Amino acid sequence: MAQVWSRAGGNMDVLRSPDYAERKKELAALGGLLTEAGAGRGSVALVSGPAGSGKTHLLQTFCKEAERAGALLLTAAASRAESGLPLGVMDQLFRCETLPAELRRRATALLAGEPSGSRGRTPARRR
C-alpha cells in the first residue's frame, strides 16, 4: 500500500473519488496539504511504497481532484540523468504549460538569473 507522510493533518472534502475509497486516509492527507497550501502554508509530501502499490494511481487521482477544486497543477519528474543540472525540477515546474504565461515568463527570468524577474528592466547600479 502506498503511504503518504505530511506535516499538515487537515482534510479536504473535494477529494472523494468513488473508485478510490480504500485510499481515503492518503487522499485526506494530500488534501490537507492542498488546503494548507491554499492558505499560504506550503509543504512537501513524500509518497512511498513498493512497486505496484498504487502510488501513481493515488497521485493521478489526487491531481484530478485538486484541479477540479481549482488548484494550479504543475508537474515535473526527477531523474538521475538530470541530477547535475542546477534547479532541473524547478525549471520543469516553471515551464509547465499550465502555468499562466506571465508567471512562466517571470519564473524563466528568475531561473536565468535576472533579479526579481525584472520584466526586462536593467537594475540600477549602486555607486
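Calculation rules
- Residues numbered from 1 in each chain as written.
- Predicted model: local features only at pLDDT ≥ 70, side-chain atom pairs only at ≥ 80, totals over all residues.
- Heavy atoms only, no water.
- Helix = DSSP H or I, 4+ residues; strand = E, 2+ residues; numbered from the N terminus.
- Buried < 20%, exposed > 50% of the residue type's maximum accessible area, 1.4 Å probe, protein only.
- Contact = heavy atoms within 4.5 Å.
- Areas by Shrake-Rupley, 256 points an atom, 1.4 Å probe, with all protein chains shown as cover.
- Axes fitted to C-alpha atoms, helices over the stretch in contact; angles between N-to-C directions.
- Parallel < 35°, antiparallel > 145°, perpendicular 65-115°, else oblique.
- Left-handed = near helix turned anticlockwise from the far one by under 90°.
- Nonpolar A, V, L, I, M, F, W, Y, C, P; charged D, E, K, R; others polar.
- pLDDT = per-residue confidence, 0-100.
- Expected span 1.5 Å × (residues − 1).
- Arc of directions from axis to C-beta.
- Core = buried A, V, L, I, M, F, W, Y, C linked by side-chain atoms within 4.5 Å.

What follows concerns the overall build of the chain. When helices and strands are tallied, the chain shows four helices and two strands. Taken from the N to the C terminus, the helices and strands of the chain come in the order β-α-β-α-α-α. Within the chain, the proportion of its 127 residues that are buried is 24%. Of the contacts made within the chain by residues no fewer than 6 positions apart, 52% connect residues no fewer than 24 positions apart. Of the accessible surface of the chain, which amounts to about 9200 Å², a share of 54% is contributed by carbon and sulfur atoms.

With that settled, consider the packing of helix H1 (residues 24-38) against helix H2 (residues 55-68). Contact geometry for H1 and H2: axes closest at 11 Å, N-to-C directions at 45°. When the axis of H1 is compared with that of H2, the two are oblique. As H1 runs across H2, the sense of the crossing is right-handed. Together, Glu 26, Leu 27, Leu 30, Gly 31 and Leu 34 of H1 and Leu 58, Leu 59, Thr 61, Phe 62 and Ala 66 of H2 make up the contact between the two elements. Here the contact of H1 with H2 is composed, by residue class, of seven nonpolar, two polar and one charged.

Our next topic: the confidence of the model for the chain. Mean pLDDT over the chain works out to 76, with 73% of the residues at or above the 70 mark. Between residues 1-18, whose pLDDT stays under 50, and residues either more than four places distant or in other chains, the model counts 53 contacts. Counted against residues more than four places away or in other chains, residues 120-127, with its pLDDT under 50, gives two contacts.

Here the focus is H2. Look at H2: 20 Å from first C-alpha to last across 14 residues, which is about the 20 Å you get at 1.5 Å a residue. Residues Leu 58, Thr 61, Phe 62, Glu 65 and Ala 66 constitute the buried set of H2. The buried residues of H2 all sit within an arc of 130° when viewed along its axis, so they share a single face. Exposed positions of H2 whose direction lies more than 90 degrees from the buried face are Thr 56, Lys 64 and Arg 68. Gly 70 sits one or two residues past H2 and shows a positive phi near 100°.

Locating Ser 53 in the fold gives a position in the loop between strand E2 (46-48) and H2. Residue class for Ser 53 comes out buried when judged on its relative accessible area of 10%.

With that settled, consider the nonpolar core. By size, the foremost hydrophobic cluster in this structure holds six residues: Leu 27, Leu 30, Val 47, Leu 58, Phe 62 and Ala 66. Among the elements of the structure, H1 and H2 are those that each provide at least two residues to this core. For this core, the element with the most residues is H2, which contributes three residues.

Below, the discussion takes up the environment of Ala 71. Along the chain, Ala 71 falls in the loop between H2 and helix H3 (88-94). Owing to a relative accessible area of 26%, Ala 71 belongs among the partly exposed residues under this scheme. Through-space distance from the C-alpha of Ala 71 to that of Gly 38 is 8.3 Å; in sequence the pair is 33 residues apart. For Ala 71, the contacting residues outside a window of four places in its chain are Leu 34 and Ala 66.

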